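A closer look at the structure
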Number of protein chains: 2
Amino acid sequence: MKRYEQVAQALRRRLEHGFYQPGDRLPSIRDLCTEFAVSVSTVQTAYAELEAAGWVAARPKSGYFALARNRPGTLPAVSRPAQQPLEVSQWDQVLALVNEAQEQGCLLLGGGSPDTTADTLKALRRGLSRLYQRPSSEQDNYDSLLGSPLLRRQLARLAGASGTVLHEDDIVITSGCQEALSIAIRTLTRPGDVVAVDSPSFYGSMQTLKACGLKALELPTDPQTGISLEALELALEQWPIKAIQVTPTHNNPLGYTMPDARKRALVALAQRFDVAIVEDDVYGDLAYTAPRPRTIKSWDDDGRVLLCSGFSKTLIPSLRLGWIAPGRHRDQALHMKYVSTGATATVPQLAVAEFVEQGYYERHLRQVVRTYQRNLDRILGWIHALLPADCAVSRPQGGFVLWIELKGLDCVRLNERLRLRGVQVAPGVLFSASGKYRDCLRINITRADAELYAGLERMADEIVAMRGEQQASE
Amino acid sequence: MKRYEQVAQALRRRLEHGFYQPGDRLPSIRDLCTEFAVSVSTVQTAYAELEAAGWVAARPKSGYFALARNRPGTLPAVSRPAQQPLEVSQWDQVLALVNEAQEQGCLLLGGGSPDTTADTLKALRRGLSRLYQRPSSEQDNYDSLLGSPLLRRQLARLAGASGTVLHEDDIVITSGCQEALSIAIRTLTRPGDVVAVDSPSFYGSMQTLKACGLKALELPTDPQTGISLEALELALEQWPIKAIQVTPTHNNPLGYTMPDARKRALVALAQRFDVAIVEDDVYGDLAYTAPRPRTIKSWDDDGRVLLCSGFSKTLIPSLRLGWIAPGRHRDQALHMKYVSTGATATVPQLAVAEFVEQGYYERHLRQVVRTYQRNLDRILGWIHALLPADCAVSRPQGGFVLWIELKGLDCVRLNERLRLRGVQVAPGVLFSASGKYRDCLRINITRADAELYAGLERMADEIVAMRGEQQASE
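Residues numbered from 1 in each chain as written. Chains lettered and ligands numbered in written order. Predicted model: local features only at pLDDT ≥ 70, side-chain atom pairs only at ≥ 80, totals over all residues. Heavy atoms only, no water.

Convention followed: UniProt positions are given in the numbering used here, feature names are shortened, and annotations may be inferred rather than shown by experiment.
Going by an unreviewed UniProt entry, chain A carries the name GntR family transcriptional regulator and comes from Halopseudomonas oceani. UniProt, in the comment section headed Sequence similarities (unreviewed entry), describes chain A in these words: "In the C-terminal section; belongs to the class-I pyridoxal-phosphate-dependent aminotransferase family."

**Examining the pairing of strand β1 (residues 56–59) of chain A**
Residues and elements named next belong to chain A. The test is simple: Paired strands, in this sense, are two strands between which DSSP finds at least two bridges. Strands are runs of DSSP state E lasting at least two residues, helices are runs of H or I lasting at least four, and both sets are numbered from the N terminus onward.
Inspection of the sheet shows β1 paired to strand β2 (residues 63–66) by four bridges, in the antiparallel sense. The partner of Val56 across the bridge, within β2, is Ala66. Turn length for the β1-β2 hairpin, with the two strands adjacent in sequence and antiparallel, is three residues, and the turn residue Lys61 shows positive phi of about 65°.

**Thoughts on the domain arrangement of chain A**
Condition: A domain assignment, automatic or from a database, supplies the domain bounds used here.
For chain A, the domain assignment lists domain 1 (3–66) and domain 2 (134–360). One C-alpha centre belongs to domain 1 of chain A, the other to domain 2 of chain A, and the line joining them spans 40 Å.

**Focus: the interface of chain A and chain B**
Applicable threshold: By definition, residues are in contact when any of their heavy atoms lie within 4.5 Å. Buried area: the accessible surface (1.4 Å probe) lost by two parts on joining, summed over both. Throughout this description, the term salt bridge denotes a Lys or Arg side-chain nitrogen within 4 Å of a carboxyl oxygen of Asp or Glu.
Opposite the 65 residues of chain A that make contact, chain B presents 65 residues. Between chain A and chain B, roughly 5,300 Å² of surface is buried when both sides are summed, and carbon and sulfur atoms account for 54% of that area. The largest share of the area that chain A buries against chain B comes from Tyr132, Tyr142 and Tyr338 of chain A, three residues that together contribute 15% of it. Connecting chain A to chain B are two salt bridges.

**Quick notes on the sheet that holds strand β17 (residues 440–444) of chain B**
Within the open sheet, the four strands sit side by side as β13-β14-β17-β16 (chain B). Their pairing is antiparallel. Only two strands of the sheet have a single partner each, and these edge strands are β13 (392–393) and β16 (426–427) of chain B.

**Points about helix α4 (residues 91–99) of chain A**
To be explicit about the condition: To sort residues, take the accessible area from a 1.4 Å probe on protein chains only and compare it with the maximum for the residue type: under 20% means buried, over 50% means exposed, and anything in between is partly exposed. The arc refers to the directions leading from the helix axis to the C-beta atoms.
By the burial criterion, the buried members of α4 of chain A are Trp91, Val94, Leu97 and Val98 of chain A. Viewed end-on, α4 of chain A has its buried residues packed into an arc of 125°, placing them on one side of the element. Looking at the packing, one finds that the buried side of α4 of chain A touches α9 (203–211), β15 (423–424) and β16 (426–427) of chain A together with α12 (330–341) of chain B.

**What about the relation of the copies chain A and chain B?**
Superposition of the two copies of the chain requires a rotation about an axis and a shift along the axis. Put simply, the rule is: Each copy is superposed on the other by least squares, with the fit set by C-alpha atoms of residues at a pLDDT of at least 70 in both.
Take chain A, turn it by 179°, move it 0.0 Å along the axis, and it overlays chain B with an RMSD of 0.4 Å. The relationship between the two copies is best expressed as a two-fold rotation axis. For chain A, the residue whose C-alpha comes nearest the rotation axis is Ser129 of chain A, separated from it by 2.0 Å.

**Re the sheet that holds strand β6 (residues 215–219) of chain B**
Residue and element names in this part refer to chain B. The cut-off we apply is this: Axis definition: a line fitted to C-alpha atoms, over the contacting stretch in the case of helices. Angles run 0 to 180 degrees between N-to-C directions.
Read across the open sheet, the seven strands follow the order β4-β12-β11-β10-β9-β5-β6; overall the sheet is mixed. On the outer flanks of this sheet lie β4 (172–174) and β6, each paired with one strand and no other. Across the sheet, the mean angle separating the axes of adjacent strands is 25° when strand polarity is ignored. The pairing of β4 with strand β12 (residues 322–325) spans three bridges and is classified as antiparallel. What sits directly across from Thr174, in β12, is Gly322.

**Some remarks on the state of the cysteines**
The following threshold applies: Note on terminology: disulfide denotes any pair of cysteine sulfur atoms within 2.5 Å.
Using the criterion set out here, one finds zero disulfides over all chains in the structure. Looking at the unpaired Cys440 of chain A, the closest cysteine sulfur is the one in Cys411 of chain A, lying at 6.6 Å.

**Observations regarding the packing of helix α7 (residues 149–159) of chain A against helix α13 (residues 346–357) of chain A**
Residues and elements named next belong to chain A. The test is simple: For classification, angles of less than 35 degrees are called roughly parallel, those exceeding 145 degrees roughly antiparallel, those between 65 and 115 degrees roughly perpendicular, and all remaining angles oblique. The sense of a crossing depends on the near helix, which, turned anticlockwise from the far helix by less than a right angle, makes the crossing left-handed and, turned clockwise, makes it right-handed. Residues are grouped as follows: nonpolar covers Ala, Val, Leu, Ile, Met, Phe, Trp, Tyr, Cys and Pro; charged covers Asp, Glu, Lys and Arg; every other residue, Gly included, is treated as polar.
Between α7 and α13, whose axes approach to 8 Å, the crossing angle comes to 40°. Judged by the inter-axis angle, α7 sits oblique to α13. For α7 against α13, the interelement crossing comes out left-handed. Across from Leu150, Leu151, Gln154, Arg157 and Leu158 in α7, the residues of α13 making contact are Gln349, Leu350, Val352, Ala353, Val356 and Glu357. Of the residues assigned to the contact of α7 with α13, the class counts are seven nonpolar, two polar and two charged.

**Quick notes on the packing of helix α1 (residues 3–16) of chain A against helix α3 (residues 40–52) of chain A**
Residue and element names in this part refer to chain A. Close contact between α1 and α3 brings their axes to 8 Å; oriented N to C, the two are set at 50°. Accordingly, the angle class assigned to the pair α1 and α3 is oblique. Judged by the sense of rotation from one axis to the other, the crossing of α1 with α3 is right-handed. Facing Arg3, Tyr4, Glu5, Val7, Ala8, Leu11 and Arg12 of α1, the residues of α3 in contact are Thr42, Thr45, Ala46, Tyr47, Glu49 and Leu50. Per-class residue counts for the contact of α1 with α3 are seven nonpolar, two polar and four charged.

**Things to note about the environment of Val412 of chain A**
Turning to its location among the elements, Val412 of chain A is positioned in helix α15 (residues 411–420). Each C-alpha atom of the pair Val412 of chain A and Ala426 of chain A lies 8.5 Å from the other, and the pair is 14 residues apart in sequence.

**Some thoughts on the pattern of salt bridges**
For the structure shown, the criterion picks out 60 salt bridges over all chains. A salt bridge links Arg304 of chain A to Asp302 of chain A; the shortest N-O distance between them is 3.0 Å. Arg304 of chain A gets classed as buried once you look at its relative accessible area, which sits at 4%. Of the charged contacts, one joins Lys242 of chain B and Asp193 of chain B as a salt bridge, the two residues approaching to 2.9 Å between their closest N and O atoms. With a gap of 49 residues between them, Lys242 of chain B in strand β9 (residues 241–246) and Asp193 of chain B in the loop between α8 (176–188) and β5 (194–198) connect regions that are remote in the sequence. According to the relative accessible area criterion, Lys242 of chain B is partly exposed, its value standing at 36%. The exposure class of Asp193 of chain B is buried, given its relative accessible area of 12%. Here the salt bridges do not stand alone but share partners, grouping Arg417, Arg421, Asp461, Glu462 and Glu469 of chain A into one network.

**Describing the packing of aromatic side chains**
Here is the rule we go by: Planes of paired rings set the category: under 30 degrees apart is stacked, over 60 is edge-to-face and the rest tilted, where pairs are Phe, Tyr or Trp rings (Trp by its six-membered ring) whose centres lie within 6.5 Å.
Taken as a whole and judged by the stated rule, the model has 23 aromatic pairs over all chains. A ring pair is formed by Phe311 of chain B and Tyr361 of chain B, whose centres lie 5.5 Å apart and whose planes are at 85°; its orientation type is edge-to-face. A residue pair is termed long-range when its members are at least 10 positions apart, and Phe311 of chain B in the loop between β11 (305–310) and β12 and Tyr361 of chain B in helix α14 (residues 360–386) qualify at 50 residues. Accessibility expressed as a relative area gives 3% for Phe311 of chain B, which makes it buried. Aromatic rings pair up to connect Phe202, Tyr203, Trp403, Phe431 and Tyr437 of chain A into one cluster.

**Quick notes on the pairing of strand β5 (residues 194–198) of chain A**
All names here are of chain A. For clarity, the threshold we go by: When the strands point away from the viewer and the path from the first strand over the helix to the second turns clockwise, the crossover is right-handed.
In terms of residue burial, β5 counts as a mostly covered element, since five of its five residues are buried. Burial along β5 is two-sided: Val194, Ala196 and Asp198 and Val195 and Val197, pointing in opposite directions, are all buried. Strand direction decides the pairing type here: β5 and strand β6 (residues 215–219), joined by five bridges, are parallel. Each residue of the ladder has a partner; that of Ala196, found in β6, is Leu217. Crossover handedness for the path β5 to α9 to β6: right-handed. Where β5 and strand β9 (residues 241–246) come together, four bridges link them in parallel fashion.

Here's what the structure looks like:
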C-alpha cells in the first residue's frame, strides 16, 4: 500500500467509526504530515482520494470537513435485557478471567488493567520506594479508618474537575474501587433486595449483588447515552428497587458517557422514588477530551449518591487503592469499611497523595489518555480491516476498553478456541446477570502493537472458521 | 533499691503472676547473673531473701524451686455472659478506639499494634522498597485472586510449626486478618443467624457479626483455658448455631492458649453438631515458649475449620496482609474475597514471601517475643506496685495484650478521664456484644518504658479518685 493510501485509509477508519462527525473539521495538512511523518503532497493526495469517494469536502481557506454518509450503523444494539429481577450467575466465567491474570505466554486482551509502562509513573514508584524504606511508627501502625487525611484532601481537590463538591471528611479510602462498590451495596441492601443496573454492566459489581443475595434488574442501555431512563422509571414503579447501580462515565464495557442532561434526570428520578444511586466512576478521569465529564454525584443535593472510584484504572491496579464518598450513608459505610478490611494500607495512600499534590497525576493522565486514543484509532482500523463487516463496535469517549458485537457468534466458545491459540478476551456473558451478550466481547486497548494485531488476526480466523462450521451444520 | 533487692523483686513478681508454678525450677544463678548483669553474690543474696520469705526452696545440687503460697488469685474471673443470642452494640466505642490510632501526643495503650521498631524488620523494608522501585507489568497488574503463589508456598511451610497441614492452594491471601474473618463469617451465615463466640472476644469479629445482621451468643470463657466446652455443648443443643468463632491461641484480649485437649474436643463437638469453626490465629505465632501451640485446624479432618491469620500482629499492620484457609468452604470464600476487594496488593505479598523464605520472619519473631516477655514481666511488676491489690490481671502465654479487671470500676469512665490526661486504653465493653466487662480494660505491652510507667501511674491516680468519689456518693 502506498503512503497516501495508508493515510487515506486511516482517516477513512476514523470517519467510519464516528471519530469525526458530519460537519467536523478534519486535521490540517500540516498536522497530518507530523502525525504520519509524510510529505505535504502525500496528505494532499490522500485528501483528494477521500474527497473523490465522498467522505470529505474541501472548503476554501478552512480545510477539509467530514460529510454525512449513508453507512450502516457500526454501534452495538441498544441492549434489551429481560426486564425482571434475576439472580446473578456467571461466577465461573469471572473466576476464569481473573485467575488468568497471571497466566504466562497468553495475550490477555480480556483484562481491565491500565497501561503501567508510562514514564509518568516513575515519581510514584520513587515515592513508594522511599516511604517503605523509612521506619515510622505512624506509617507502620493501623491508619485511621477514614484513611490518610493527606490523600483525602487531594481527592477532595481533584473532585472539582468533575464538578463534585466534596470535603475530605466525606471520603473513605478503600482497598480498591471493588471494596468501595461492595461497601456501597452492603450499606444499602439486605438479602433478597432488587438493584437496578445498566446492562451490560461491570462483572465485579454484578458478582457483589450475587454475594449479597440480591437480584439484578438489568435495564435497556443505549451504547451512546447509557441506561434508559424511561425503562428505569417503569421499573421503579413496578419493583421495590433499593439502589440503582451505574457506571455513567466512560462506561465499562461500552465506553459511553451519559450526557449531562441524562445524569441530572437520573438524580431527579432517584429523588422522586427515594432510591439511592451507586455511581462507579473508576474510569471517569480517563476522558479523551478535557474537561472530564461531571459525575452524577455533582447533581446530588441530598446525599443519595454513593460515589465509588479509585486509582486501579489510572495508576497501578496492584496498589489496591480506591475510595467512596457515601453521602448520607457515611456512618454505615464506615462500619462496613471497618468490618471489611479495617484500615487501608498506609504507604500507598501517602505515596499517591504526594504524586497527586505535586501535579504528577494530571500529567500522567494526559499521557495515558493520548496513548489510549491513539491505540483506539489504530485498533478500530485493524478491526475494520480484519473482522467481519457486520460486527459492531463501541465508540468509547474515554477509558481503555472496547466492546465488539459479533452478530450471532458464540463468544464464550470463541474465547475457548482463542485460548488454545494463546489469546484471551472477556466474553460478553460476564457483563450480564444471566449470560446475555453471548455474541459480544470486551477487549483492552492499552496496547496496539504487532502482538495485538496478531491476536486480532487469530480472532478473525476463528470467527471465519466458526461461521463456516455453523453454516455447514445448518 | 539495692541491686539484690531489684533481682529479688523481679523474681517475686514472676512468682506472684504465676510465671513459675509451684514445683518449677527457677533460673540458675549463672543465668540470672547474665540476665540482670549482676554478680553471683548479688543473685545469691536475692535468692536467700526469697527463701526467707517462703517464696522459694533450695534443693542441694538442683538449684531453687518455686513453693506454693496462699495468695489470692490474681486472674480475672471466668466470664459469665448472658447465655442468649444478642445483637452486637458498642460500635461507637470501637470507632473511637480505631480513630484515635493517629491521635498525636496521646499515649495509646489501647491499640492492637505490635512493636515495629525492631531491627529485624529492616530486611522487609528493604524488600518493599526495592520491589516498588522496579516497574514490572506482572507486579503492577491485578494479582490472581488466591494471591501470590510465592507467599502461599511460604505460608503452607510455616503452617507446619502449628501442626497444620496446608497446601498452597488451600490458602487465600487477604487484605489483613480482618478481611479473612469477614470472609469466613459471610461465607458461613445469613442475616439472623447465631454465632457462638468466646467472651470477651475481639471487637473486630464482633462488629462483623453486627454488620452481617447476626446474633452473638457469648459463652463463658476461662481466662486460662478458653471457651467453656460444657456451656458450648448446651448452647449447641439449644440454639441453631451456624458457626463457632474463637481465638484459641494467645487469645485477644485474655492471652490464654486453650490446652490441646480442649482444642481437640472443640473440633469433636463441632463435628457432632455439624457446625463450622472460625479460628482466629493472628497472634498464634507470638508464643513465649517454643514450639508455638497447635491450631484447632490441625485437628480438623473434614475441612470445617476456617483458619484466619495474617501479619498485622507479627510484622507491620499497615501492610494489610492476612490469609484464610477456608477448608471445604474454599469456593464460596473465594467468591467473597473477589467481591470484598478483588485481588490483594501484590508487592507486600512478594516482599513478605521473600522475608519468610530467607528466614528473617522466624528471627524477627524470636526477637519481638523476647521483648514482649520482658515487657510483660516489667509491667506486671508495675501493676502490682501501682494498681489496687484487688485488681486481677491475665496471664498471657503469648502476644502483647494484657487484660486488667478492676472490680466494680467503670472503665469507660476511667478511659474518658485518662484521655483528658493523655492516656488511652481499650475499655472492656468493646469485647462484648452488649457492653459487658465494663470493669475491665486491655492494654498493649509492646512498650514498657518510662512513659508507660507514667501512664500506669495516672491510671492508678484516677482509680483512687474514682473509688473515692464512689464511696463519697454511697
